[in-house]
Amino acid sequence: METKIGSLDSCKPATCNDVGSLPSNGVVSTIQSSAVPFNSAEATLGRHLARRLVQIGVSDVFSVPGDFNLTLLDHLIAEPGLNLIGCCNELNAGYAADGYARARGVGACVVTFTVGGLSVLNAIAGAYSENLPVICIVGGPNSNDYGTNRVLHHTIGLPDFSQELRCFQTVTCFQAVVNNLEDAHELIDTAISTALKESKPVYISVSCNLPAIPHPTFSREPVPFSLSPKLSNKMGLEAAVEAAAEFLNKAVKPVMVGGPKLRVAKACNAFVQLADSCGYALAVMPSAKGLVPEHHPHFIGTYWGLSVGYSLLLKKEKAIIVQPDRVVIGNGPAFGCVLMKDFLIALGKRLKPNATAYENYHRIYVPDGHPLKSEPKEALRVNVLFQHIQKLLSGETAVIAETGDSWFNCQKLKLPQGCGYEFQMQYGSIGWSVGATLGYAQAVPDKRVIACIGDGDGSGCVNNASMWSEEYHLLINNGGYTIEVEIHDGPYNVIKNWNYTALVDAIHNGEGNCWTTKVRCEEELIEAIETATGAKKECLCFIEVIVHKDDTSKELLEWGSRVSAANSRPPNPQ
């Protein structure tokens, strides 16, 4: 059977985003499309692209205007199902589309040619690393300019228009240059469907003179996509399950460790079902926090290894490695064309219950201690701050953790059922969370987003604060790039100390609901949180937290020393 891509339900944090999957009632989710022809004014490329975005579940598009995309933006604005959100720069628009895709299953951004495209490129690379389907749309040159040897503004001064395309080829799974109406319909549909199938970003360049021109290929309402689902090889699946069951049923203390590819494989629920049936202890890698429910009775926490330098410390001969479409058992055999989701579900029916590992863990488990009680008006410590952040968490919140010490402090938070959690560990782009918070919050408006951001991160992208809505933003001001300090210190890690609350107030400029405050001790923090969750709960709440420059988690200290050692390895002898 085929799975039709239609409307997308809002994704629930701590579960995977199943784009175009079957709902729990077994009915295929589609957009009911009438075959009623449009009038000629509507039968345009711009209208088709707008309708396609709505069909796949995008209701918000993040954009920066430029002279090559203005007509296209007109058509996106005219689409009733789309909300165009203007961003302060292309990088933040890309970050916002990344955050949106994490919550909604797919995101989109629109920028202008080259000067905008190369700016958004870093965000698209991050989305690629995280397996996120982001539709990156670029307003391109007039179709008549291709092949003319002309030099255009907003380019690097060469008559070759392919520079931007070549840059995107390594960080997208499909590239479409639409400079001809005859094949525009096919290129757009192929690009969007490929993003959904591969769960990777795609690049679509649309010549600036084409969006408003009617064409017969756009004369009807777009028919919803019908994408053939990936299927496991039946014989391979059976063989893999049989070999895995034999392997695991002999194990003394088996443990399940979830990784980030649970999301792209849409196998989060199957992973939990397997844990329920076999009784194994289950843990997650740091990059998979939020994908596995931490309230599960056999959840034992995060598996770090040594956290860097190829130090996962899993003995291959004692492990079963499950990729989205491949299973490797010990040093062999390996089974291809076996989907993770299918494998986990089938394996659960073949395993003998074995709770030995969890029982041993429970026997030696020592609960985390509490930070030392603060003295009156004592300078606020980071561990005390996160003790209070923990109390803010519920099923109605989501945590966005920025690159830096927030990685490690947020990893130690215990996520209640339904609490979302996102961070960008693989790519680790400083400043990612500022834009991603905008996108995530826009995609899941019923959740209160708690963004934990460092001053180094915020100073790079704080202009996006003008787009924030009802969230809690905690900017931890410790005077510089602390994560870099712990790797290799130097004067370059110290940044100019801004008055961040005053800056956000200035950007806000009295428009909308915004409340800011600065805290230096636990008493002020408690008061700020009471205000943010009480009288100012309908506002954007920006809390600048002043802490000592050397106040870091022990995990960051360990991680920094290991990164330093890995980076400073001498060349191998020649």
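In the annotation of an unreviewed UniProt entry, the entry for the chain reads pyruvate decarboxylase, and the organism field reads Sesamum calycinum. The UniProt entry for the chain carries this comment under Subunit (unreviewed entry): "Homotetramer."

A. A look at the nonpolar core. Of all hydrophobic cores here, the largest spans 83 residues; its most connected members are Phe 62, Leu 385 and Phe 386. Ignoring sequence-local partners within four residues, the contact set of Phe 62 consists of Ile 85, Cys 87, Ala 93, Ala 96, Ala 97, Tyr 100, Ala 108, Cys 109, Val 110, Leu 438, Gly 439 and Gln 442. Counting residues in each nonpolar core, the second largest holds 34 residues, with Ile 137, Leu 181, Leu 187 and Phe 218 among its members.

B. Structural detail: the sheet that holds strand 2 (residues 60-63). Strand order in the open sheet formed by 6 strands is 3-2-4-5-7-6, and the pairing between neighbours is parallel. Both outer strands of the open sheet, strand 3 (83-86) and strand 6 (175-178), are each paired with one neighbouring strand and no more. For this sheet, the mean angle separating the axes of adjacent strands, direction not counted, is 20°. In this structure, strand 2 lies alongside strand 3, joined through 4 bridges in parallel fashion. If you follow Val 61 over to strand 3, its bridge partner there is Leu 84. Strand contacts of helix 3 (residues 90-104): strand 2, strand 4 (107-112) and strand 5 (134-140), with the helix running at about 165° to strand 4, the strand carrying the most contacts.

C. How the structure looks around the packing of aromatic side chains. A full pass over the atoms with the stated rule returns 14 aromatic pairs. Ring plane angle 70° and centroid distance 5.7 Å describe the contact between Phe 62 and Tyr 100, whose orientation is recorded as edge-to-face. Remark: Tyr 100 occurs in helix 3 and Phe 62 occurs in strand 2; sequence separation between them is 38 residues. Like Phe 62, the residue Tyr 100 is buried in the burial classification. Centroid distance Phe 408 to Trp 559: 5.7 Å. Interplanar angle 55°. Geometry classified as tilted. Of this pair, Phe 408 sits in helix 13 (residues 405-411) while Trp 559 sits in helix 19 (residues 554-567), and the two are 151 residues apart along the sequence. Like Phe 408, the residue Trp 559 is buried in the burial classification. The aromatic ring of Tyr 421 is capped on one face by Lys 289, whose charged end is 5.4 Å from the ring centroid.

Cut-offs used in this document
Residues numbered from 1 in each chain as written. Predicted model: local features only at pLDDT ≥ 70, side-chain atom pairs only at ≥ 80, totals over all residues. Heavy atoms only, no water. UniProt positions renumbered as here; feature names shortened; annotations may be inferred. Core = buried A, V, L, I, M, F, W, Y, C linked by side-chain atoms within 4.5 Å. Buried < 20%, exposed > 50% of the residue type's maximum accessible area, 1.4 Å probe, protein only. Contact = heavy atoms within 4.5 Å. Pairing = 2+ DSSP bridges. Helix = DSSP H or I, 4+ residues; strand = E, 2+ residues; numbered from the N terminus. Axes fitted to C-alpha atoms, helices over the stretch in contact; angles between N-to-C directions. Phe/Tyr/Trp six-rings, centres within 6.5 Å; stacked < 30°, edge-to-face > 60°. Lys NZ or Arg CZ within 6 Å of the ring centre and 35° of its normal.

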